[in-house]
Structures are given as structure tokens and as C-alpha cells.
Amino acid sequence: MSRQIYLSKSKLISGWQCEKRLWLEKHKPELVEISPSTQAAFAVGHSVGDMAQALFPGGTLIKHDHELSLALKETQSLLAQPGPVTLYEGTFQADGVLIRADILERSSRDGVRLVEVKAATKVKDYYLYDCAIQLWVMERLGINVQKLELAHINNQFVYKGDKEYQGLLTYVDVLEEARSLQSEVGALIDEMRAALVDDEPDIEMGGHCTSPFECPFYSYCEGPQPEMPVSWLPGGRRAANGLRDAGYRDIREIPEDYLDNEVAERCRRVAITGEPFLDSRAAEELGQLGWPRYYFDFETLAPAVPVFADTSPYKAQAFQWSCHIEHQNGELEHEEFLADGKEPPMRACAESLIEVLGNSGPVFMYSNYERTVIRGLARLFPDLCVPLNALVDRLFDLYPVTKDYFYHPDMRGSWSIKSVLPAITTGLDYRDLTIVSSGMMAEPIFLEMIDKGTTDARKSELRIALLAYCERDTLAMVKLAHYLEGREPRVKN
């Protein structure tokens, strides 16, 4: 008799996305590559999970993350006790399938309420499989599931403070949908067990590699890349997959007149010649702008679980900005703002930027995000809408100018400021910024900085890091504008 193959709910969902992903998680876990965006998603999920537990007070957290046999025993022991029971991460196993329930609530011995908590703002189709797998296990254990709910973020919720989060979650009854999927769950379990005892599946890459999750084995499946892979061209993974299907892996293999995208064709020519491209029209556009010039950048937070009163989930809240001010005589000043977290930061942020950005002169940004944030501040503070909307009218986006008129092979198909900066200058990049080196890191670092449990020494360290990162972004824009205008030495070869 063959040994039973154990599966967790997360493993089954991996296999539902792609059998090869499940096989690799089981047999080659050392190949996993977790992207920063996936790590950030995990952090959001944990914060929502912690908040959800607070909405069901008096429960017991089943720990033993690395000793699941102990988690199973503790869960069983607590459920054997008479009276009401609330468990967080209750752990169950039936027929070799293991689940951990976000919230289990039993008010009587007649049955239980299960709540699966998600950080999204709506029910997604694959969430139903999450719930269906839980129901499959519970019913095989003889546990009567009276209510099975999927809880997701209510993005209309307005936080009033004092850790009062009732209303942040919307509860959707999915018991009937989960029950209708029981035969599919059984089939999925059989298919995944069969896949795990077979050789590594040979599955073509496609949309399933990034949906509904970014696969941590993407690089492995993609295999060794040529010196200048087609993935560097504009158009994303879909365009790259199309080129690979046509037999092209290296940009330099693509024949002339094959690409109908002007920017992609420019990248192809630069890859072949090795010579950077800079169109004089960039200097012409910038030369028409007046003085003084403001190079401006925001940092914002948009947590799923609101931190400040009168804010809502996932709504952007400006907490920091940096601005380099350039005068026509070449003088360069720097101004900055970083909230201390003692109160909602948006008002102070808006008032300070109005004061510093003055009444005239272009305000450079890199992407359209600053426009969105300033308009949001104008809606939030009607008494400031006139000066804020006046700032919107002065915004000038350097990103489209750069993408239309500049490309260097060192940029590897990216026009992000972090990719452009090393291509136009030496001795100035983001590699020396260790604590905050990307915008994605700014929110968690700021939240750590303002947390009451953070030591003063750590707060100071984090504050310095946030200021340094935001300042680097605006200084990079200064260097880029100078280069495009021909006021900096030509690009390094």
C-alpha cells in the first residue's frame, strides 16, 4: 500500500493555478523566488488577519506553525471543551488534506461558523475554492459547518480611530457555492496527488504564470535568458511571449520592420548598435519651460487597515514629499516634509507643499501619480482646493518625455527613474540606500517609524532613511532634466 501524499490548502490552490508550480513547491522548493510585490502582499494579508482576530475577541490563536501535529492536537483539545469556542488559525486534517481556518466560532455544539479573511475589496472566483477546500475537510471530520463566510475589505469604511474596526470587513455567505464545488475539490485532490508522484510536468508558460498569483518559479520556468532578452521590450510579458512563440529570444534576432511599436523598434536598434538614443526634441520641450523649476515627489501610504482617523482602506494618504528647487542662475535648493505620525499627515503635507511650491514655475514629476495625489488632497480639503488645483495646472511629467526621446541599453527596457539614473550619470544611484531603496518600502518603514513600540533610536534611523530616499528621487529628476537638455555631460558609454 502506497504512502499517503499530504496536501495543504495552499498547496492545492498552487496546483489549481498550475500543476508544475505544485510539483516544484514539493520537489524543488529551493528554486522559489519571492518578489518584493509578493512580500508586500503577504504583509498586507497578515495585517488584515490580525485585525480580523480583534473583531472576534476572546479567541485562542493556534500557533505551532512549524509543528502542525501540535496545532492539530491543540485545536482538537479546545473543541472538545464544552461551551462557546473561538479559534484563530484552527488546524484540521482529513484524508491527508490540512487546512488552517482564519476564524472558527462555535456558540453551541450544533455547529460552527467559519470565516475566511481576504485583503481584497471584493470576492474573487478562486476564493471560493479556498472555502470549498475548508468545507471538504470539515465535513469529513464530521463537523457541522452552519455558516461559511468570506470576509473582504469594505473600501467604503471610514475609520474613526481608537482601534474601532467594526465595519471594515464585509461578510459574504458562500456556504452554498462552496458545497456546489465539493466534487471539483475531490477531483482536484486526486489530480494533484497523481501529479506529485509523476515526473516534473511539462507545461507551457502563459497567463497562468501571473494569474491569479505571481508564480515564484517564473524565472525557473523561463530558463536561461540571452544577453538582451525580448522581455526587455515594451509590451510586457504578453508581447514577450508572442515574440518567443515566433522564434525570437534575443532582441537582436528580431528583423527590421518586424515590430510595429515605435518605442520597441527604437529599443531594438539601440540593442543592435549599442549606441544610446537621445532626440533633440527633448531639449526643445524642456527649453520652453520657465523658472524657477520645482522637482517634486510624494511618498504615500494606503494601508488596508487604516491607521489615521477619517481615512478609508487603500486610499492614498500623502505623508512625505521632497522638492529640489532650481533657479535660472543654476542655484539649487532642497526642501522636504515628513510627517511625525502624531496626527493624520495629509493636511500638514498639503499646507507645506503649497507654501514651498509658490505661485509660478513648472513642477516636475515622474509619472502621473503626483497629479492624482494633489487632486485627492484638493477634494479632501476644500478650503485648499484653489491653490492645490493651481499646482496641478503647473505639473510637467518628465516620464513621457524620457520614454519618447531617450533610451540606453543599460536601462534594460525600463524607464523607471531607478533604471534611467545609472544610465545618464556615474556615482549616483540607489544602491547605497539600504533601509529604503524603493517606493514600495516607504509605507511599511513609515508605519514602523510612527509605531509606539519603536525605540527613539530606531525612529531616528528610519526618518533619516525615508528622507534620503525621497531626496534621491527628486535629485534624480534634476540630473535627468539636465541631461535631456544637454546641460550634463553626454551619457557614459
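Now for a description of the structure that goes with this document.

So, how was this worked out
Residues numbered from 1 in each chain as written. Predicted model: local features only at pLDDT ≥ 70, side-chain atom pairs only at ≥ 80, totals over all residues. Heavy atoms only, no water. Axes fitted to C-alpha atoms, helices over the stretch in contact; angles between N-to-C directions. Helix = DSSP H or I, 4+ residues; strand = E, 2+ residues; numbered from the N terminus. Parallel < 35°, antiparallel > 145°, perpendicular 65-115°, else oblique. Left-handed = near helix turned anticlockwise from the far one by under 90°. Contact = heavy atoms within 4.5 Å. Nonpolar A, V, L, I, M, F, W, Y, C, P; charged D, E, K, R; others polar. Buried < 20%, exposed > 50% of the residue type's maximum accessible area, 1.4 Å probe, protein only. Pairing = 2+ DSSP bridges. Salt bridge = Lys/Arg side-chain N within 4 Å of Asp/Glu carboxyl O.

## Let's talk about the packing of helix α16 (residues 417-424) against helix α18 (residues 456-485)
- The interhelical angle for the contact between α16 and α18, taken along N-to-C directions, is 55 degrees, at an axis separation of 10 Å. As judged from the angle between their axes, α16 and α18 are oblique. α16 and α18 meet at a crossing whose hand is left-handed. Two secondary-structure elements touch here, α16 through Ile-417, Lys-418, Val-420, Leu-421 and Ile-424 and α18 through Tyr-469, Asp-473, Ala-476, Met-477, Lys-479, Leu-480 and Tyr-483.
- By residue class, the composition of the contact of α16 with α18 is nine nonpolar, no polar and three charged.

## Some thoughts on the pairing of strand β10 (residues 317-326)
- Buried residues dominate β10, accounting for 10 of its 10 residues.
- Strand direction decides the pairing type here: strand β9 (residues 293-301) and β10, joined by nine bridges, are antiparallel. Looking at β10, one finds that Asp-297 is bridged to Ser-322.
- Bridge analysis of β10 against strand β11 (residues 332-338) gives seven bridges, and the strand direction is antiparallel.

## Focus: the pattern of salt bridges
- One pass over the structure, following the stated rule, counts 30 salt bridges.
- Across the salt bridge formed by Glu-262 and Arg-266, the nearest N and O atoms sit 3.5 Å from each other. Of this pair, Glu-262 and Arg-266 are both found in helix α10 (residues 262-273), four residues apart, which corresponds to roughly one turn of the helix.
- Owing to a relative accessible area of 58%, Glu-262 belongs among the exposed residues under this scheme.

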